[in-house]
Amino acid sequence: MNKTDNLKFVKNFSEEELIEYFSSINEKPYRAKQLYDWLYVKESLDFDEMLNFSKSLREHLKDNFEITTVKQKEVQHSSSGTKKLLLETYDNKFIESVIIPDGERVTLCLSTQVGCPLDCKFCATGLMGYKRNLTPGEIVDQYIHSKSIGSKITNIVYMGMGEPLLNFKNTLESLRIFTDTRLETLSRNRITVSTSGITPKIIELADSGLRVQLALSLHSTFEDIRSKIMPINVKYDLKSVLIAVEYYLKMTDTKITYEYTMLKDLNDRDEDIKSLTKLCKRMPSKINIIPFNSIKHMSPGGLSAELEPTSRNKLMLFADKLRNNGITVMVRETQGDDIAAACGQLAVKSL
Ligand code: SF4
């Protein structure tokens, strides 16, 4: 194994792969469980601490592997209490994670790709383009770094940079780690995967047995408008996505959350309220209304440059009208826009 390639990171191996690896160096398979325990239960960052391994095994691991996949470069603090972590990967790429406190709840919004290929018009990450998928270790280490700066994470949302279901294998591996009962990290009810609607992967996630919460970036119930602001809707139209979501709910016995970024004159009309109400009555659901946060820091062109937020008054009225129709609505407060950490603003210009 070449220590200069990405394989050198031990957290990029699944437990099964570690068992195979230990067998290949004539070590007992149970060493894999012990190593897993050091990495994820004790969150050890140093092979020298692993005293239930012989000195020669510790030396072997040190010579062949590294533990931490991403380096912490910067922590920015918002006046709202939100923190944004800038992390650097082994190949000098940068990713961001956001920690959002809200009373007792502290949510980590983590990234699954460097950039994103999907080009949603309201999203700064989309404007960066796509560089590569993050490895399982790079996803999990965002959680470990967040804890290392003193944040007591109670919830995880896969809603940072990238589309998690386009990095399906690694997203799934990271979910397996987070939901592993040996770790006592978080229950599946506190982990949400947010997708723009990758139909076949929603079905696969439903069949995985992980039963985490699912959120759909909806933003319009009308196919033509949704295709305009989310080009992925041309490939997987809302009709097919909703069939997949229905299947997900049936298999997991959960509720769907619809993410809805309010865009002036595009999705904040009375007909949107009517259509959203109909959609929400179709299956157990709630809506998260998100104020559109400026993406001017990315100097966008085309439709992205023309988008404007719905006024605060109109947004609150929109939410009230939905509530009057019996729909569960949360209005997400903008948090962290002073450090470009609010929803839709994550992007690293230096890529
Ligand atoms: S909203 Fe999500 S899926 Fe769309 S471009 Fe941004 S990161 Fe990608």
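Residues numbered from 1 in each chain as written. Predicted model: local features only at pLDDT ≥ 70, side-chain atom pairs only at ≥ 80, totals over all residues.

This part covers the overall build of the protein chain. Helix and strand content of the protein chain: 13 helices and twelve strands. Its C-alpha radius of gyration of 21 Å places the protein chain within 12% of the 20 Å reference for a compact globule of 351 residues. Summarising its shape, the C-alpha atoms of the protein chain cover approximately 70 × 40 × 40 Å along the three principal directions. Counting every position in the protein chain, which comprises 351 residues, the buried fraction comes to 42%. (Helix = DSSP H or I, 4+ residues; strand = E, 2+ residues; numbered from the N terminus. Rg over C-alpha atoms; globule rule 2.2 N^0.38 Å. Buried ≥ 20, exposed ≤ 12 C-beta atoms within 10 Å, placed from the backbone.)

A few words on the environment of Val-10. Checked against the element boundaries, Val-10 lands in the segment before helix H1 (15-24). For Val-10, a count of 22 C-beta atoms within 10 Å gives the class buried. Here the alpha-carbon distance between Val-10 and Leu-61, two residues 51 residues apart in the chain, equals 8.9 Å. Setting aside residues up to four positions removed in sequence, Val-10 forms contacts with Leu-39, Phe-65 and Ile-67. (Contact = placed C-beta atoms within 7 Å.)

The subject of this paragraph is helix H11 (residues 270-282). Between its terminal C-alpha atoms H11 stretches 19 Å, which fits the 18 Å expected from 13 residues at 1.5 Å a residue. Among the residues of H11, those classed as buried are Asp-272, Leu-276 and Cys-280. An end-on view of H11 places all buried positions within 60 degrees of arc, on one side of the element. Turned more than 90 degrees away from the buried face of H11 sit Asp-270, Glu-271, Lys-278, Lys-281 and Arg-282, all of them exposed. Buried-residue contacts for H11 involve strand E11 (285-291) and helix H13 (312-324). (Expected span 1.5 Å × (residues − 1). Arc of directions from axis to C-beta.)

Turning next to the domain arrangement of the protein chain. Once the domains are mapped, the protein chain shows domain 1 (6-64) and domain 2 (70-339). Centre-to-centre separation of domain 1 and domain 2, based on C-alpha positions: 33 Å. At the interface, eight residues of domain 1 touch eleven residues of domain 2. Here the side of domain 1 that touches domain 2 is composed, by residue class, of three nonpolar, three polar and two charged. (Domains from an automatic or database assignment. Nonpolar A, V, L, I, M, F, W, Y, C, P; charged D, E, K, R; others polar.)

With that out of the way, let us pick up the packing of helix H5 (residues 136-148) against helix H6 (residues 168-178). A pair of packed helices is characterised by two quantities: the angle between their axes and the separation of those axes. For the pair H5 and H6, the least separation of the axes is 8 Å and the interaxial angle reads 45 degrees. As summarised for this structure, H5 and H6 are arranged oblique, according to the angle between their axes. Our pair here, H5 against H6, has a crossing hand that is right-handed. Contacts between H5 and H6 involve Pro-136, Ile-139 and Val-140 from the first element and Asn-170, Glu-173, Ser-174 and Ile-177 from the second. Here the contact of H5 with H6 is built from residues that sort into four nonpolar, two polar and one charged. (Axes fitted to C-alpha atoms, helices over the stretch in contact; angles between N-to-C directions. Parallel < 35°, antiparallel > 145°, perpendicular 65-115°, else oblique. Left-handed = near helix turned anticlockwise from the far one by under 90°.)

Note: strand E4 (residues 105-109) against strand E7 (residues 155-158), three bridges, orientation parallel. Bridge assignment links Thr-107 to a residue of E7, and that residue is Asn-155. Strand direction decides the pairing type here: E7 and strand E8 (residues 191-195), joined by three bridges, are parallel. Residue Val-157 lies in a different strand from E8, and its bridge partner there is Thr-192. (Pairing = 2+ DSSP bridges.)

In this section: the sheet that holds strand E10 (residues 256-262). Pairing is mixed across the open sheet formed by ten strands, whose spatial order is E1-E2-E3-E4-E7-E8-E9-E10-E11-E12. A single partner strand is all that each edge strand has here, and the edge strands are strand E1 (70-77) and strand E12 (329-331). Averaged over all pairs of adjacent strands, the angle between their axes in this sheet comes to 25 degrees, without regard to strand direction. Contacts from helix H10 (residues 238-252) reach strand E9 (213-217) and E10, with the element oriented near 165 degrees to E9.

Bringing the pairing of E11 into the picture now. As judged from the seven bridges shared by E10 and E11, these two strands associate in the parallel manner. Note that in E11 the partner of Glu-259 across the bridge is Asn-288. Handedness of the E10-H11-E11 crossover: right-handed. Bridging between E11 and E12 involves three bridges; their strand directions are parallel. Bridge pairing in E12 links Ile-287 to Val-329. (Right-handed = clockwise from strand over helix to strand, strands pointing away.)

Right, let's get into the packing of H11 against H13. H13 packs onto H11 with a crossing angle of 40 degrees between their chain directions and a minimal axis gap of 10 Å. By the angle class used here, H11 and H13 are oblique. Read as a crossing pair, H11 and H13 show a hand that is right-handed. Residues Ile-273, Leu-276 and Thr-277 of H11 touch H13, and the partners they reach there are Phe-318, Lys-321 and Leu-322. By residue class, the composition of the contact of H11 with H13 is four nonpolar, one polar and one charged.

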